[in-house]
Amino acid sequence: MIFTNVAEATERLASPAPRTVLTGCPWQDVKAMLREVGLRPTRQRMALGWILFAKGDRHITAEMLYEEATKAKVPVSLATVYNTLHQFTDVGLLRQVAVDGSKTYFDTNVSQHHHFFVEGENALLDIPDADVVVGKTPVAPAGYEIARIDVVVRLRRKAP
Ligand SMILES: [Zn+2]
């Protein structure tokens, strides 16, 4: 079980991102989405946003997005991809899911839900919210409240 840094999460929760009503034109949708959260729709943000959000809910790492951008002939560096993903996360367009110290996924579905992580396949799957039973919630330190509980359930293939 991974507990998000509470102070940071609380701050993020204070300004929930309004989700843009989709117009059916992904390019216009991305532009409206960026404007709504106060990010200037630069060429790079637009291109990366379009790759991220035009295909429905997904989980993606910075490396995966960089690869897709490169294939789509979007001239960006991996550093720019990282920065953009973190900017999108800060304004609530993405949710960060840390699987372990080295692997961070970005989720385009920012609603409350938990994840399966398939070990060895590096796949992150949504768990329908109703299916998760969280045990006793820990008591937050004085002055804090629990903003969110992220559960990552690790899966491995059964031996044949
Ligand atoms: Zn998810």
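See the structure printed just above.
The text that follows walks through the structure, step by step, so that each part is easy to find.

## Some words on the sheet that holds strand S5 (residues 123–127)
So, step 1. The mixed open sheet is built from three strands, whose spatial order is S5-S4-S6. Whereas interior strands pair on both sides, the edge strands pair on one side only; in this sheet they are S5 and strand S6 (152–155). Recorded for the sheet is a direction-independent mean angle of 30° between the axes of neighbouring strands.
So, step 2. Judged from the five bridges that link them, strand S4 (residues 114–118) and S5 form a sheet pairing that is antiparallel. Across the sheet, His115 pairs through a bridge with Asp126, a residue of S5.

## Considerations on the coordination of the zinc ion
So, step 1. Distances from the zinc ion to its protein donors, His59 (NE2), Asp107 (OD), His113 (NE2), His115 (NE2) and Asp126 (OD), fall within 2.0 to 2.2 Å.
So, step 2. Between consecutive donor residues of the zinc ion, the sequence gaps follow H-x47-D-x5-H-x1-H-x10-D. Note that His113 is positioned in the loop between strand S3 (103–107) and S4 and Asp126 in strand S5, a separation of 13 residues in sequence.

## What about the sheet that holds strand S2 (residues 95–100)?
Through backbone hydrogen bonds, the strands of a sheet pair up, either in parallel or in antiparallel fashion.
So, step 1. Taken in spatial order, the three strands make up an open sheet running S1-S3-S2, and their pairing is antiparallel. Both edges of this open sheet fall to strand S1 (59–60) and S2, since each of them pairs with a single strand only.
So, step 2. In this structure, S1 lies alongside S3, joined through two bridges in antiparallel fashion. Bridge pairing in S3 places Ile60 opposite Phe106.

Thresholds, definitions, all that
- Residues numbered from 1 in each chain as written.
- Predicted model: local features only at pLDDT ≥ 70, side-chain atom pairs only at ≥ 80, totals over all residues.
- Heavy atoms only, no water.
- Pairing = 2+ DSSP bridges.
- Helix = DSSP H or I, 4+ residues; strand = E, 2+ residues; numbered from the N terminus.
- Axes fitted to C-alpha atoms, helices over the stretch in contact; angles between N-to-C directions.
- Donors = N, O, S within 2.8 Å, 3.2 Å for Na, K, Ca; no water.

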